[in-house]
Amino acid sequence: MPIYEYECKACGHRLEKLQKISAPALTDCPACEASKLSRLVSAAGFRLAGGGWYETDFKAGGTKRNLAGDSGKSGDATSSGAATNGKASA
């Protein structure tokens, strides 16, 4: 269930309410009891970061690269293939 944020247009009181998606929006302010509550748009409570599946998997061409760190240059160690087998060359 998502957490919705509300603000009263009459008194400025803000609150958060855990509600079902199908539940109707709240209208009455618990502080001043006016029917002036409006639902606010806010950021999600989580963030996808790092080298997760959404960045590195299911790429075309069989190469798995980090999109954020991909500079497009072919001269660096990760794209030249020198360190791909995990063994140091002598």
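Above this text you will find the structure in question.
Residues numbered from 1 in each chain as written. Predicted model: local features only at pLDDT ≥ 70, side-chain atom pairs only at ≥ 80, totals over all residues. Heavy atoms only, no water.

## Digging into the pairing of strand 1 (residues 3-8)
Here is step 1: Here strand 1 shows a clear split, with Tyr4, Tyr6 and Cys8 buried on one side and none of Ile3, Glu5 and Glu7 buried on the other.
Here is step 2: With five bridges connecting them, strand 1 and strand 2 (residues 14-18) associate as antiparallel partners. Within strand 2, the residue paired with Glu5 across the bridge is Glu16.
Here is step 3: The antiparallel hairpin formed by strand 1 and strand 2 contains five residues in its connecting segment, where Gly12 sits at a positive phi of about 85°.
Here is step 4: As paired strands, strand 1 and strand 3 (residues 37-40) are joined by four bridges and run antiparallel to one another. Each residue of the ladder has a partner; that of Tyr6, found in strand 3, is Arg39. (Buried < 20%, exposed > 50% of the residue type's maximum accessible area, 1.4 Å probe, protein only. Helix = DSSP H or I, 4+ residues; strand = E, 2+ residues; numbered from the N terminus. Pairing = 2+ DSSP bridges.)

## A short note on the environment of Leu15
Here is step 1: Note on placement: Leu15 falls in strand 2.
Here is step 2: We classify Leu15 as buried; its relative accessible area is 17%.
Here is step 3: As for Leu15 and Tyr4, which are separated by eleven residues in sequence, their C-alpha atoms are 8.4 Å apart.
Here is step 4: Those residues in contact with Leu15, other than ones at most four positions away along the chain, are Tyr4, Glu5, Tyr6, Leu26, Pro30 and Leu37. (Contact = heavy atoms within 4.5 Å.)

## Describing the environment of Lys36
Here is step 1: Within the element layout of this structure, Lys36 appears in the loop between strand 2 and strand 3.
Here is step 2: Given the relative accessible area of 47%, Lys36 is considered partly exposed.
Here is step 3: Here the alpha-carbon distance between Lys36 and Ala10, two residues 26 residues apart in the chain, equals 6.1 Å.
Here is step 4: Non-local contacts of Lys36, meaning those with residues more than four positions away in its chain, are made with Glu7, Cys8, Lys9, Ala10 and Thr27.

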